Amino acid sequence: MELSDLFSNLALGFSVAATPGNLFWCLMGALVGTAIGVLPGVGPVATMALLLPTTYYLPPEGALIMLAGIYYGAQYGGSTTAILINLPGESSSVVTVLDGYQMAKQGRAGAALAIAAIGSFFAGCVATVAIAVAAPPLTKVAQQFAPADYCSLMVLGLVFAIVLARGSVVKALGMVFLGMLLGLVGTDVNTGNLRYTFGISDLFDGIGFVPLVMGLFGMAEIMANMTNTERRDLVTSKVTGLMPTWEDLKTSAMSVLRGTILGGFLGILPGGGAVLASFSSYTLEKKLAKDPSRFGKGAIEGVAGPESANNAAAQTSFIPMLTLGIPSNAVMAMMIGGMMIHGIVPGPQVMTERPGLFWGMIASMWLGNLMLIVLNLPMIGLWVRMLMVPYRLMSIAILFFCCIGVYSLNNSANEVLFIAVFGILGYFFFKLDCEPAPLLLGFILGPLLEVYMRRAMLLSRGDAMVFIERPLSLSFLILAAILLTIVLLPNIRKAREVAFVE
Amino acid sequence: MRVKGSQDLAAGLMFVLVGALAIRIGADYPVGSWQRPGTGVLPLILAWCLIGVGAILTIKGMILHGPSLLEGQWAWRPVIMVTLAGIAFALLVDEGGLVAAMVVSMAICALGTPETRWKEFGYFTVIMCVVAVIMFIKGLGMPIKVFPWN
Amino acid sequence: MRRRHLIGAAGVTILGTGTARAQAQNWPDRPVKLIVPYAPGGASDLMARPWSEKLSQAFGQQFVIENRGGAGGMIGTEAAAKSPPDGYTLFFAPGATLSVLPILRKTPYDPVKSFSPIARVGDLVCGFVINPAVGPKTLHEVIAYAKQNPGKLAYGSAGLGTSSQLRIEMLKHRAKVDILHVPYRGSADALNDLLPNTVQMMNEINVLPHVKAGKLTLLNINYPTRHPDFPDAPTLTELGFPDSDVQIWYSMQAPAGTPRAIVDKLSAKMNEIAASEDMKARMRGINVVVPIQTPEQVAQHLVADIKATAELIRDANIRLE
């Protein structure tokens, strides 16, 4: 695309996005998105579903701009609870708890929140430019992926889940497998068979992500902290400034850049790409750091990288939707729904037949990011203040939000019972020093891996060699094998030493 | 034989147990063919992987020094109280309404720590109830009863 | 004694019919619910919206869409079947929930007995597409290719038990070819693999914009008449495969027992709307054609569709595995 074309397109986009009406809708979306991102439980998909019918009464550009605002607003908000109370709001913030919460415990919650917002903003800007400039070629790249490649990518993602563990690698391995198994509970979509449901009808659709997270992270956390003053030696006494220091910014700069690029690419892959963004970034940062042992103990790169990655992925995941009419995830499916409600048929013609809509959306993405950082940075002071609430009161508030969050998903009290069970399980894991993050990642990736594995085998007519024959798939598997070896090597050496000594 | 690292041992046994159960329960799931892998393929693979990892951990727990399971305190009181609080919420919210569910569950949870100051708890709970009703029932329009008699 | 009873009975009857007619005359005097049995934002919404708008305009009362998704459409259908038959809850019925689901699994409703048909609301008009990278450009060429290379071509469907799968099974059955059926999670998921030629064929409306853009080849139309935007694509009947369309059709249904007067009133208005140029143009824009039928004709169509679907499922041995 010629530079002059780019400018005229962007000019068109901004003229659409910057009308008072559309700016208002953008703001609404951002606000609602942030609010539900912070509230554990209700996520962007559920909110968009709730608001979808009402968007019918808005003009199409306004409707889509608002829906988009909800989506990336939720990304900004989800990291807040992850950092402050070890409760990831979204699957993309699971990794943020690893170092974000540790930073909060060291009195650096403000810095963590700020770097998350700043990194996300940077990523959002870059991603917006990427979409404007290179949407069609990027789509072509995404089209190179076949089911076998996705399957191997999921395997690589699972290895990342092990690598990012801060404790015992073997235990992390076990937790990943356990998580994958939990992810398979429910109905097998391909055949309709039920797996591990024990006749409980609430399990027919599988274990919900939200009850699992609320139980393992939320409930278990208050169980562990309520009487253990040592463990929760929180922020209350030592808030060391609300903003990141220059030192912090310098350290995070490269992480933000790397996260943006990594997330930007992964977001384009329809079907599971964006999920990987945050923890691929974390793994990358951990491997590249001069002192990897800092990770898991409050390394700011562990927040900066993943947060940038997941925001970049959130934006680039619009690309397949805008250029081909193919949604990369449930949120994009909602966006397409929003288009269809206005009678706009999604597909390659949207770019040419409705350039105002296309470029308007891209321009409003940037505007949305701007609004979000303006909204979020000042609120950091408010959030940090909230941490000063004594734990005896904080714990009951967290309990309530977990319960209502889960209940509000399907108006189901049974699901609240689940979090009680997962809470006990989570405490048990804590006592056994088994980290829940790898379990959650396994839970997310396991079912995806199965879908792609089956599709790959079906298409290859039963030939398992397809995973090695396709170059992309082979590269992912080799990378996974290398990483796994690097991570397991010290353990093997240790075991050999022990064997020799004894 | 002295167990050197009971934490690892326990974790290992847990994995082995889950893996074994998964195989036992999933024994009837069809495995399909190479071209159409069935319902039971991945669960079986995972179950064996779990048993493998569990075995390694169990051995490690027996021969290598590691943290003890009994180290530190087990927070029985919070665990029981928080769990009961969650159950209470679940049982009360549909019939008893949001306020009843909140008050009871939060009270049970507050019993989980000796730090609770009941007067403070009272004020806090009232405020939380008001905020919750405004946010969730009026604001988001959730179909929950406020009081048992609504 | 008897006479008084008879007079009483007659009086009640007259009053009753009078009430029914009065009901129909006043109907609707408050908003009407239109149940769509899928989550919001799906392809059904594309069709339901114009109808809800036009009906609201025509009757001066809001016809509100209520999305009730889940279990492949079963949940919303059940809810509609069990709604009070007072004319204030209507069902925007996808053919699949009435013709396909009850055959493949046990449904908590009877497709014929639980509902009173009112009118047709739209048929999706699309056909088989193939990725040009494969080579063949017409349906006959594709069939010849498939005969020479059994099992080589792959077809992506929106899922097990969908009309999408039924169409390829019908083609395989009638043309006696072996094409691999690959179930996906929705048509968008399948389209994603169609474009890079991972699967070669599909039959859904979401591919049509790509056909217009020249990326895919349209082989035929699964409908009695050709698609106005694609005048060169022949119908299956023209290509020598009569009765092979497996139509994707939607109808408006009311819970069984809804007063006849209301059914007639609504049906007449709907057919009037369907015949209007504005509606025809709007529907064409989303690849939909609206046949005009009386309630009896809709009922007959449903019965015939159920029979044909049952035959196909039996002959092609389609199961939810």
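Note that the structure is predicted; figures quoted are calculated from it, not measured. Per chain, residue numbering runs from 1 following the sequence as it is written. In the order they appear in the text, chains get letters beginning with A and ligands get numbers beginning with 1. Owing to the predicted nature of the model, reporting of local features is limited to residues with pLDDT of at least 70; listing and counting of side-chain atom pairs is limited to 80 or more, with chain, interface and lining totals taken over all residues.

Peer 1: A description of the overall build of chain B should follow, citing residues and the corresponding values.
Peer 2: By definition, any uninterrupted DSSP run of H or I lasting at least four residues is a helix, any uninterrupted run of E lasting at least two residues is a strand, and each is numbered from the N terminus. If you tally the helices and strands in chain B, you get four helices and zero strands. Listing the helices and strands of chain B from first to last along the sequence gives α-α-α-α. Based on C-alpha atoms, the radius of gyration is set beside the globule rule, defined as 2.2 Å times the residue count to the power 0.38. On C-alpha atoms alone, chain B measures out to a radius of gyration of 24 Å, which is more than a quarter above the 15 Å that the 2.2 N^0.38 rule sets for 150 residues. Overall, the C-alpha framework of chain B stretches about 55 × 50 × 20 Å when taken along its three principal axes. The buried share of chain B, taken over its 150 residues, is 39%. In chain B, of all internal contacts separated by at least 6 residues, the share reaching a separation of at least 24 is 70%. Put plainly, a residue is buried at 20 or more neighbouring C-beta atoms within 10 Å of its own, exposed at 12 or fewer, and partly exposed in between, counting only other residues' C-beta atoms, which are placed from the backbone. The contact criterion used here is simple: two residues whose C-beta atoms, placed from the backbone, lie within 7 Å are in contact.

Peer 1: Quick rundown of the overall build of chain C? Include the residues and the values.
Peer 2: Broken down by element type, chain C carries 11 helices and 11 strands. Relative to the compact-globule value of 20 Å for 321 residues, chain C shows a C-alpha radius of gyration of 22 Å, a close match. When its C-alpha atoms are laid out on the principal axes, chain C stretches across 85 × 40 × 35 Å. A total of 321 residues make up chain C; the buried ones form 49% of that total.

Peer 1: Describe the confidence of the model for chain C, listing the residues and the values that go with them.
Peer 2: Within a predicted model, pLDDT stands for the predictor's per-residue confidence, ranging from 0 to 100. Averaged over every residue, the pLDDT of chain C is 88; residues scoring 70 or more account for 92%. Both confidence scores are given for the complex: pTM 0.85, ipTM 0.90.

Peer 1: Tell me what's going on with helix H4 (residues 60-85) of chain A, and back it up with residues and numbers.
Peer 2: All names here are of chain A. The end-to-end C-alpha separation of H4 is 38 Å, in line with the 38 Å expected for 26 residues at 1.5 Å each. Summarising burial for H4: 25 of the 26 residues are buried, a large majority. Of the residues trailing H4, asparagine 86 is marked for its positive phi of about 60 degrees. One fewer than the residue count of a helix, multiplied by 1.5 Å, yields its expected span.

Peer 1: Outline the nonpolar core, listing residues and values.
Peer 2: Residues and elements named next belong to chain A. Each nonpolar core reported here comprises buried Ala, Val, Leu, Ile, Met, Phe, Trp, Tyr and Cys residues connected via C-beta atoms within 7 Å. Grouped together as the largest cluster of nonpolar side chains are 317 residues, with contacts concentrated most on Val176 and Leu399. Per-element tally for this core: the top contributor is helix H6 (residues 109-142), with 19 residues. In this view, valine 176 contacts Leu158, Ala161, Ile162, Pro438, Leu439, Leu441 and Gly442; residues no more than four positions away in its chain are not counted.

Peer 1: Kindly report on the domain arrangement of chain B, identifying the contributing residues and their values.
Peer 2: Where each domain begins and ends is defined by an automated method or by a domain database. Under the domain assignment used here, chain B contains domain 1 (6-63) and domain 2 (76-139). Centre-to-centre separation of domain 1 of chain B and domain 2 of chain B, based on C-alpha positions: 39 Å.

Peer 1: Which residues make up the domain arrangement of chain C, and what are the values?
Peer 2: Residue and element names in this part refer to chain C. Domain annotation for chain C reports domain 1 (2-124 + 247-315) and domain 2 (129-218). On a C-alpha basis, the centroid separation for the pair domain 1 and domain 2 is 32 Å. Taken together, the contact between domain 1 and domain 2 spans 11 residues of the former and nine residues of the latter. Elements supplying a minimum of two residues to the side of domain 1 that touches domain 2: helix H4 (95-104) and helix H11 (295-315).

Peer 1: Summarise the environment of Ile326(A); cite the residues concerned and give the values.
Peer 2: As for its placement among the helices and strands, Ile326(A) is situated in the loop between helix H13 (318-324) and helix H14 (330-341). For Ile326(A), a count of 29 C-beta atoms within 10 Å translates into the label buried. For the pair Ile326(A) and Gly271(A), spaced 55 residues apart in sequence, the C-alpha to C-alpha distance is 9.9 Å. Ignoring anything within four residues of it in the chain, the contact list for Ile326(A) reads Pro270(A), Pro320(A), Met321(A), Ala188(C), Leu191(C) and Asn192(C).

Peer 1: Pulling in residues and values, what's your account of the interface of chain A and chain B?
Peer 2: On the chain B side, the residues contacting the 54 residues of chain A number 57 residues. Only helix H8 (169-183), helix H9 (209-225), helix H17 (391-410), helix H18 (413-431) and helix H19 (436-459) of chain A provide two or more residues apiece to the side of chain A that touches chain B. Looking at the side of chain A that touches chain B element by element, the count peaks at 11 residues for H17(A). Partitioning the side of chain A that touches chain B into residue classes produces 35 nonpolar, 10 polar and nine charged. Note on residue classes: Ala, Val, Leu, Ile, Met, Phe, Trp, Tyr, Cys and Pro are nonpolar, Asp, Glu, Lys and Arg are charged, and everything else, Gly too, is polar.

Peer 1: So what about the sheet that holds strand S10 (residues 248-255) of chain C? Which residues, and what values?
Peer 2: Paired through their backbone hydrogen bonds, the strands of a sheet run either parallel or antiparallel. Residues and elements named next belong to chain C. DSSP bridges decide pairing: two strands pair if at least two such bridges lie between them. Strand order in this open sheet of six strands is S2-S1-S3-S10-S4-S11, and the pairing throughout is mixed. Of all the strands in the sheet, just strand S2 (63-67) and strand S11 (288-289) have a single pairing partner and so form its edges. Note: strand S4 (residues 115-124) against S11, two bridges, orientation antiparallel. Along S11, the bridge assignment pairs leucine 124 with valine 288.

Peer 1: Outline unusual backbone geometry, supporting the account with residue identities and numerical values.
Peer 2: The general pattern is negative phi for most residues beyond glycine and trans for most peptide bonds. All names here are of chain C. Residues tryptophan 27 and proline 28 are joined by a peptide bond in cis, for which omega reads -10 degrees. Position of proline 28 relative to the elements: it lies in the loop between helix H1 (2-26) and strand S1 (32-36). Here the phi dihedral of asparagine 197 falls at roughly 70 degrees; this positive angle occurs in a residue that is not glycine. Tracing the chain through its elements places asparagine 197 in the loop between helix H7 (187-194) and strand S8 (201-202).

Peer 1: Lay out the packing of helix H5 (residues 96-105) of chain A against H6(A) in plain terms, naming residues and giving numbers.
Peer 2: Residues and elements named next belong to chain A. At a minimum axis separation of 7 Å, H5 and H6 run at an interaxial angle of 140 degrees. Overall, the two elements H5 and H6 adopt an arrangement that is oblique. Across from Thr96, Gly100, Met103 and Ala104 in H5, the residues of H6 making contact are Ala109, Ala111, Ala112 and Ala116. Taken together, the residues of the contact of H5 with H6 break down into six nonpolar, two polar and no charged. Orientation is described by axes fitted as lines to C-alpha atoms, over the contacting stretch for helices, and by angles from 0 to 180 degrees between their N-to-C directions. Here the word oblique covers every angle except those under 35 degrees (roughly parallel), over 145 (roughly antiparallel) and from 65 to 115 (roughly perpendicular).

Peer 1: I'd love a proper account of the environment of Ala132(B), names of residues and values included.
Peer 2: Inspection of the secondary structure puts Ala132(B) in helix H4 (residues 118-139). Each C-alpha atom of the pair Ala132(B) and Val99(B) lies 8.7 Å from the other, and the pair is 33 residues apart in sequence. Not counting residues within four places of it along the chain, the set of residues in contact with Ala132(B) comprises Ile404(A), Leu98(B) and Met102(B).

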